[in-house]
Amino acid sequence: MTKAVISEDLKSALEEFLNENRPAELINTYLCFVENKYNLQPVLFPKEKKIYQSVEDAVRMVEKEGKLWHETEIKIGFSNLSVNEQTRKIYICPFTGKVFGDNTHPNPQDAIYDWVSKCPENNERVGGLRVKRFFISDDIDVIKSYIAKSKPKEGITKVVFSSMMSGKLFSTKEAVVEDFKKNYLKKVSLVEVQNQNRFEIEGHFLEFIQKQLAEDKITAFVEALSQFDEFTPYIEHWME
């Protein structure tokens, strides 16, 4: 028969959970036990309405599906002084490398719209009109690329990575991943994962949860809990 072991750390985590969630149901308490035992850190990816077992799983699977980043090139021209050490966001013309900084232009977004709509090198058309496509970046390394101590006569091209979430440019794939972790994933508890039906649970994670919810495992958990007198009132409540 399955046997559960409750360490002091698990015992403390359960006591905290039961004190904060009165009256806590058996299944929720058991899920707290499982979450702490296996050090689970589930995350919700709201855009895809999907829950993953961990941040690492979310990154790996979203990246594998080709939904995290894509490689692109930008042109860097040095014919203006639109970027300096105080610039924190830039708007870039993909056709010429013309750039507008958030601190060097009163309205850089309107300026880039106006620029690409009239740019002579913009040969992309929709309905006969020039497309208003441009890049945005607040990545410090991308911004630094537009600040040159010695400015060449000709512009250069640079390979960068575009976030599939926001369209923003980053200098490395790692920077895109960090932005994804910080801004597009939300931590959730195992109790929240089980007690919802709005979001899909990733397949391997769902299989893990179902295995943990086997009746013999829950019974073994209650038996292990019964070894501690402080949990007796809760067990009696569940038995009722």
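Nothing here was measured: the structure is a model prediction, and the numbers come from that model.

Novice: When you look at the sheet that holds strand E12 (residues 200-201) in this model, what are you seeing that I'm missing?
Specialist: Reading across the sheet, the four strands line up as E11-E1-E2-E12 and stay open at both edges, with mixed pairing between neighbours. At either margin of the open sheet sits one strand with a lone partner, and together these are strand E11 (186-187) and E12. Two strands pair when backbone bridges link them, and strand E2 (residues 50-52) and E12 are joined in this way by two bridges, in the parallel orientation. By the bridge assignment, Lys50 is partnered in E12 with Glu200.

Novice: Which parts of the structure should I look at to understand the nonpolar core?
Specialist: A general feature of soluble globular proteins is that nonpolar side chains tend to end up buried together. Residues Ile6, Phe33 and Phe221 are the most contacted members of the largest nonpolar core, which totals 36 residues. Going through the elements one at a time, helix H1 (8-20), helix H2 (26-37), helix H7 (190-194), helix H8 (203-212), helix H9 (215-225) and helix H10 (232-239) are the ones with two or more residues in this core. Ignoring sequence-local partners within four residues, the contact set of Phe221 consists of Ala4, Ile6, Leu14, Leu26, Thr29, Tyr30 and Phe33. By size, the runner-up hydrophobic cluster in this structure holds 16 residues, among which are Leu68, Ala175, Val176 and Leu185.

Novice: Could you clarify how one ought to interpret unusual backbone geometry in this entry?
Specialist: Keep in mind that most residues, glycine aside, have a negative phi and that most peptide bonds are trans. Of note, the bond from Arg22 into Pro23 is cis; its omega dihedral lies within 30 degrees of zero at -10°. For Pro23, the location among the structural elements is in the loop between H1 and H2. Of note in this structure, Asn39 is not a glycine but carries a positive phi near 50°. Turning to its location among the elements, Asn39 is positioned in the loop between H2 and strand E1 (43-45). Judged by its relative accessible area of 59%, Asn39 is exposed. Residues other than glycine seldom take positive phi values, yet Lys49 does so here, at roughly 55°. Judged by its relative accessible area of 52%, Lys49 is exposed.

Novice: For this particular structure, what's the right way to read the pattern of salt bridges?
Specialist: Pairs may arise between side chains of opposite charge once their charged atoms sit close together. Across all of its chains, the model carries 12 salt bridges by this definition. Among the ionic pairs, Glu200 bridges to Lys50, the shortest N-O distance being 4.0 Å. One end of the pair, Glu200, is in strand E12; the other, Lys50, is in strand E2, with 150 residues separating them in the sequence. The exposure class of Glu200 is partly exposed, given its relative accessible area of 46%. For Asp114, the salt bridge goes to Lys118, with nearest N and O atoms at 3.2 Å. Taken together, the positions of Asp114 and Lys118, both in helix H4 (residues 108-118) and four residues apart, correspond to about one turn of that helix.

Novice: Just checking my understanding: could you explain H9 for this structure?
Specialist: Among all positions of H9, only Ile218, Ala220, Phe221, Val222, Ala224 and Leu225 are buried. Where H9 is buried, its residues meet H1, H2 and H10.

Cut-offs used in this document
- Positions within a chain are numbered from 1, following the residues in the order the chain's sequence is written.
- Totals for whole chains, interfaces and linings use every residue, but because this is a predicted model, local features are given only for residues with pLDDT of at least 70 and side-chain atom pairs only at 80 or more, for both listing and counting.
- Side-chain calculation: all heavy atoms of the structure are included, whereas hydrogens and water are not.
- Note on pairing: DSSP must find at least two bridges between two strands before they are called paired.
- Put simply, DSSP marks the helices as runs of H or I at least four residues long and the strands as runs of E at least two long, and each gets a number from the N terminus on.
- Joining through side-chain atoms within 4.5 Å is the link that ties buried Ala, Val, Leu, Ile, Met, Phe, Trp, Tyr and Cys residues into a set, and such a set is a nonpolar core.
- The buried label applies to any residue whose accessible area, calculated with a 1.4 Å probe on protein chains only, is under 20% of its type's maximum; exposed applies above 50%, and partly exposed to all values in between.
- Here a residue-residue contact requires only that any non-hydrogen atoms of the pair lie within 4.5 Å.
- One speaks of a salt bridge when a side-chain nitrogen belonging to Lys or Arg is within 4 Å of a carboxyl oxygen belonging to Asp or Glu.

All quantities given are derived from atomic positions and should not be read as evidence of function.
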